[in-house]
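Coordinate inspection notes
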Amino acid sequence: MNSMDIVKAIKHLKPSAEFSFTDNDYSTIKWDVLEGDAPTWAELETAHQAVKAAEAQAEAEAQAKREAALSKLAALGLTADDLKALG
C-alpha cells in the first residue's frame, strides 16, 4: 500500500484518528488522537480492500449515471457538446 492507501484505510476504520507516519511504514505511525486500539496491519489491509471496492462501486454508479444522461440527451437529439454550447 502507498501512503494514500494507508491513510484511507485508517480513516475507514478510525474516522476520528489523527496520526502521522513516514515512508509508507506502518511501524512509524504516531497516533496523536486514537479512540480504542490501533488497527493492525492485517486490519488495514482488509480495510484497504473494502475502500477499493467501495471506490470501484461509486465509480461504476457514476459511470452508469453519465451513460443514462447521455442516453437521455441522445433521445432528445442532442450531444454532450450541444449541452456545453448551451451553457
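Residues numbered from 1 in each chain as written. Predicted model: local features only at pLDDT ≥ 70, side-chain atom pairs only at ≥ 80, totals over all residues. Heavy atoms only, no water.

Some points on the nonpolar core
Test applied: In these notes, a set of buried Ala, Val, Leu, Ile, Met, Phe, Trp, Tyr and Cys residues joined through side-chain atoms within 4.5 Å is what counts as a nonpolar core. We call a residue buried when its accessible area falls under 20% of the maximum for its residue type, exposed when it is over 50%, and partly exposed in between, using a 1.4 Å probe and counting protein chains only. A run of H or I in DSSP counts as a helix once it spans at least four residues, and a run of E counts as a strand once it spans at least two, with each numbered from the N terminus. What makes two residues a contact is simply this: any of their non-hydrogen atoms within 4.5 Å.
If you look at the biggest cluster of nonpolar residues, it comprises nine residues: Ile6, Ala9, Ile10, Ala17, Phe19, Phe21, Ile29, Leu44 and Ala47. Every element with two or more residues in this core is listed here: helix H1 (3-13) and helix H2 (41-75). In terms of residue count, the dominant contributor to this core is H1 (three residues). What Ala47 contacts, discounting residues up to four positions off in sequence, is Ala9, His12 and Leu13.

Considering the environment of His48
Relative to the assigned elements, His48 resides in helix H2. Separated by 36 residues in the primary sequence, His48 and His12 place their C-alpha atoms 8.3 Å from one another. Excluding its chain neighbours within four sequence positions, the residues that come into contact with His48 are Met1, Asp5 and Ala9.

What about the packing of aromatic side chains?
We apply this condition: Each Phe, Tyr or Trp ring (for Trp, its six-membered ring) is paired with any other whose centre lies within 6.5 Å, and the angle between the two planes then decides the class: stacked below 30 degrees, edge-to-face above 60, tilted in between.
Counted under the stated rule, the structure contains three aromatic pairs. Note on Phe19 and Phe21: the rings are 6.3 Å apart at their centroids and 15° apart in plane angle, and the pair reads as stacked. Of the two residues, Phe19 and Phe21, neither departs from the other in class, the shared state being buried. Where Phe19 meets Trp31, the ring centres are 5.6 Å apart and the plane angle is 50°; that geometry is what we call tilted. Note that Phe19 is positioned in strand E1 (residues 18-20) and Trp31 in strand E2 (residues 30-33), a separation of twelve residues in sequence. Take Phe19: its relative accessible area is 17%, and that puts it in the buried class. Through pairs of rings, three or more aromatic residues link up here, namely Phe19, Phe21 and Trp31.

Some words on the environment of Ala9
Tracing the chain through its elements places Ala9 in helix H1. It is 41 Å that separates the C-alpha atoms of Ala9 and Ala85, two residues lying 76 residues apart in sequence. Apart from residues lying up to four places away in sequence, Ala9 is in contact with Leu44, Ala47 and His48.

Here we look at the pattern of salt bridges
Going by this rule: Put simply, a salt bridge is a Lys or Arg side-chain nitrogen that is within 4 Å of an Asp or Glu carboxyl oxygen.
All chains considered together, the criterion is met by three salt bridges. In this structure, Arg66 engages Glu59 in a salt bridge whose closest nitrogen and oxygen atoms are separated by 2.7 Å. Taking the relative accessible area as the measure of exposure, Glu59 reaches 45% and is therefore partly exposed.

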